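Structure assessment
The primary structure of each chain is shown beneath.
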Amino acid sequence: SNSNANNNATSSSGVPRCPATPPNLVGPLAVSKTPPNLQAMEKAFARVKQGGRGAPDECQSRYRVAIVIPFRDRFKHLMTLLYNLHPILLRQQIDYQIFVVEQDGTWQFNRAMLMNIGYVEALKERTFDCFIFHDVDLLPENDKNIYNCPQQPRHMSVAVDKFSYKLPYSDLFGGVSAMTTQHFRLVNGFSNVFWGWGGEDDDMANRIKSKGLHISRYPANVARYKMLIHKKEKANPKRYEFLKSGKKRFQTDGLNNLQYEVLDHKHLKLYTWYLVRLTPPN
Ligand code: NGS
């Protein structure tokens with residue numbers, strides 16, 4: 001077919017398209033939990049461009065990916081994740097940009113809204129084929145866990161050390177997960193009603209199923225992560241109630257009623273940063 005014939009064609013930019021399998025992957029990696037200081041890190045990642053962007057020079061990447069990290073108060077974890085993640089994404093020959101979306105204030109955390117905002121703001125900067133939503137405390141242990149654009153939504157943090165490298169339940173979509181730009185739009189993004197810990201990822205799993213899509217996964221020996229230790233957040237007592245009534249809200253609660261204010265926005269060396277104030281939707 002036409003697309004096959006074009007597989008190894010030289011692109012308009014003069015470099016060939018990247019191979020389907022990146023050539024320099026290592027496999028299992030030694031995760032580092034002690035990153036050097038920010039200055040040393042910025043120096044070490046010479047190939048990373050302002051805003052936390054990377055792309056292969058030697059070939060035209062097959063995927064343009066936005067990595068969205070919902071964030072508050074965990075700067076050390078963020079540095080550790082960036083230290084581990086940038087080299088992996090570069091080896092994977094992804095054309096990527098890392099977006100850190102920080103919630104202002106001390107009100108309960110709303111992970112889902114921060115991810116919705118990451119989606120909306122990233123697409124104002126450039127087009128992206130897909131989005132990877134990434135908890136700040138999960139460190140990938142294998143670079144064959146490719147951060148590319150999935151045919152079906154992909155749950156990526158399948159095997160986490162904290163859970164003895166076993167998937168806790170089959171519909172889990174939390175931790176690290178990937179969706180194409182179109183699929184995320186199709187399901188109206190995440191629900192905005194989940195304040196505090198828990199449930200927003202399960203609601204997304206329900207949205208995915210309601211559109212006839214399903215959660216895909218890489219094998220557990222590849223989709224491995226180490227979790228950084230932190231204090232457990234207070235669970236949202238309403239999460240089961242909201243989950244149960246979620247279906248009624250899929251069309252009206254999500255990207256299309258998202259309300260927030262961008263307080264600050266910077267293209268830092270290792271990531272693009274948004275500080276946002278969330279508005280609880282009525
Ligand atoms: C479920 C939560 C999910 C959460 C998962 C794993 O119980 O949001 O645990 O959490 N669902 C509800 O509370 C309804 S973890 O142990 O990784 O922090 O993602």
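Scroll up to find the structure this text is about.
So, here is what we can say about the structure in this document. Just so it is clear, the structure is predicted and the values come from calculations on it, not from any experiment.

1. Observations regarding the sheet that holds strand β7 (residues 159-160)
Across the sheet, which stays open at both edges, the three strands sit in the order β5-β9-β7 with mixed pairing between neighbours. Edge strands, defined here as strands with exactly one partner in the open sheet, are β5 (138-140) and β7. In the sheet, β7 pairs with strand β9 (residues 224-227) via two bridges, with the strands oriented parallel. Following the sheet pairing, valine 160 is matched in β9 by tyrosine 225.

2. Here's the deal with the pattern of salt bridges
Close approach of charged atoms lets side chains of opposite charge pair. According to the stated counting rule, one finds 14 salt bridges in the structure shown. Among the ionic pairs, lysine 209 bridges to aspartate 171, the shortest N-O distance being 3.0 Å. Here lysine 209, found in helix α6 (residues 200-210), pairs with aspartate 171, found in the loop between β7 and β8 (176-180); they are 38 residues apart in sequence, far enough to count as distant. For aspartate 171, a relative accessible area of 33% gives the class partly exposed. Salt-bridge contacts for lysine 266 lead to aspartate 264; the nearest nitrogen and oxygen are separated by 3.6 Å. Judged by its relative accessible area of 40%, lysine 266 is partly exposed. What emerges from the salt-bridge pattern is a single network uniting Asp203, Arg207, Arg249 and Asp253.

3. What to know about unusual backbone geometry
Of note in the backbone geometry, aspartate 73 takes a positive phi value of approximately 65 degrees without being a glycine. Secondary-structure assignment places aspartate 73 in the loop between β2 (64-71) and α3 (75-91). Although it is not a glycine, glutamine 93 sits at a positive phi angle of roughly 60 degrees. Looking at where glutamine 93 falls in the secondary structure, it is placed in the loop between α3 and β3 (95-103). Looking at glutamine 93, the relative accessible area reads 6%, which means it is buried.

Calculation rules
- Residues numbered from 1 in each chain as written.
- Predicted model: local features only at pLDDT ≥ 70, side-chain atom pairs only at ≥ 80, totals over all residues.
- Heavy atoms only, no water.
- Pairing = 2+ DSSP bridges.
- Helix = DSSP H or I, 4+ residues; strand = E, 2+ residues; numbered from the N terminus.
- Salt bridge = Lys/Arg side-chain N within 4 Å of Asp/Glu carboxyl O.
- Buried < 20%, exposed > 50% of the residue type's maximum accessible area, 1.4 Å probe, protein only.

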